[in-house]
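For reference, the chains in residue letters:
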Amino acid sequence: VVSRQLAGELSGPQITFNKDGSVSHRETCCYRQGRIVSKLKSDVPEGFVADVLRSFVVPTKKALGIGLAPGEELLCAAHHVDVEQ
């Protein structure tokens with residue numbers, strides 16, 4: 001699950017992934033002030049997943065000395081995230 005909170009409330013996209021790395025359309029939605037405002041995948045900002053991978057997932061796993069899971073590697077490839085940086 002990828003999501004963010006502002007002032008303790010969900011805000012913005014929440015994306016849930018299936019075991020194979022694909023997006024779970026049933027569980028993906030957008031929040032505003034803790035309330036669901038959309039369940040359309042098209043409302044997730046373009047580049048959101050890439051930004052999360054690039055700014056959080058890859059650096060955190062590198063800092064911990066943990067390799068990416070196969071699904072994370074697929075997501076990085078699909079969203080053109082360089083895992084070698």
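Throughout, a residue's number is its position along its own chain's written sequence, starting from 1. Per-residue local features are limited, in this predicted model, to residues with pLDDT of at least 70; the limit for side-chain atom pairs, both in listing and counting, is 80 or more; totals at the level of whole chains, interfaces and linings are taken over all residues. No hydrogens and no water enter the side-chain calculation; it runs on all heavy atoms of the structure.

A.B. asks: Would you explain the sheet that holds strand β4 (residues 29–32) in this entry?
C.D. replies: Neighbouring strands of a sheet are bound in pairs by backbone hydrogen bonds; such pairs are parallel or else antiparallel. Any two strands with at least two DSSP bridges between them are considered paired. Put simply, DSSP H or I for four residues or longer makes a helix, DSSP E for two residues or longer makes a strand, and each gets a number counted from the N terminus. A sheet is described by the order of its strands in space; here 3 strands give the open sequence β3-β4-β5, paired in antiparallel fashion. Among the strands making up the open sheet, the edge pair consists of β3 (12–14) and β5 (35–38). The average angle at which neighbouring strand axes cross in this sheet is 45 degrees, direction not considered. Judged from the 3 bridges that link them, β3 and β4 form a sheet pairing that is antiparallel. Each axis is a line fitted through C-alpha atoms, and for a helix only the stretch in contact is used; angles between axes span 0 to 180 degrees, taken between their N-to-C directions.

A.B. asks: In this structure, what is going on with the pairing of β5? I would like to understand it.
C.D. replies: Pairing geometry for β4 and β5, over 3 bridges, is antiparallel. Bridge pairing in β5 places R32 opposite R35. If you look at the hairpin formed by β4 and β5, you'll find 2 residues sitting between the two strands, and Q33 has a positive phi there, around 50 degrees.

A.B. asks: Can you help me understand the environment of L53 in this one?
C.D. replies: Within the secondary structure, L53 is located in helix α1 (residues 48–64). Separated by 51 residues in sequence, L53 and V2 place their C-alpha atoms 9.7 Å apart. The residues touching L53, leaving out its near neighbours within four places in the chain, are V58, P59, L75, C76 and V81. Residue contacts are counted whenever heavy atoms from the two residues lie within 4.5 Å of one another.

A.B. asks: Which parts of the structure should I look at to understand the nonpolar core?
C.D. replies: Nonpolar side chains tend to gather and get buried jointly when the protein is soluble and globular. Among buried residues, those of type Ala, Val, Leu, Ile, Met, Phe, Trp, Tyr and Cys that are joined through side-chain atoms within 4.5 Å constitute a nonpolar core. Each residue is placed in one exposure class: buried if its accessible area under a 1.4 Å probe, protein chains only, is under 20% of its type's maximum, exposed if it is over 50%, and partly exposed if it falls in between. Of all hydrophobic cores here, the largest spans 15 residues; its most connected members are F48, L53, C76 and V81. Broken down by secondary-structure element, the contributors of at least two residues to this core are α1 and α2 (70–78). Among the elements that make up this core, the one with the highest residue count is α1 (7 residues).

A.B. asks: What should I look at first to understand the packing of α1 against α2 in this one?
C.D. replies: Helix-helix packing is described using two parameters, namely the angle between the two axes and the distance between the axes. Running from amino to carboxyl end, α1 crosses α2 at an angle of 145 degrees, the nearest separation of the two axes being 12 Å. In the packing of α1 onto α2, the handedness of the crossing is left-handed. Between α1 and α2, the contacting residues are L53, V57, V58 and K61 on the first element and E72, L75 and C76 on the second. Of the residues belonging to the contact of α1 with α2, the class tally is 5 nonpolar, no polar and 2 charged. Should the near helix be turned anticlockwise from the far one by less than a right angle, the crossing is left-handed, and should it be turned clockwise, the crossing is right-handed. Each residue receives one of three labels: charged for Asp, Glu, Lys and Arg, nonpolar for Ala, Val, Leu, Ile, Met, Phe, Trp, Tyr, Cys and Pro, and polar for the others, Gly being one of them.

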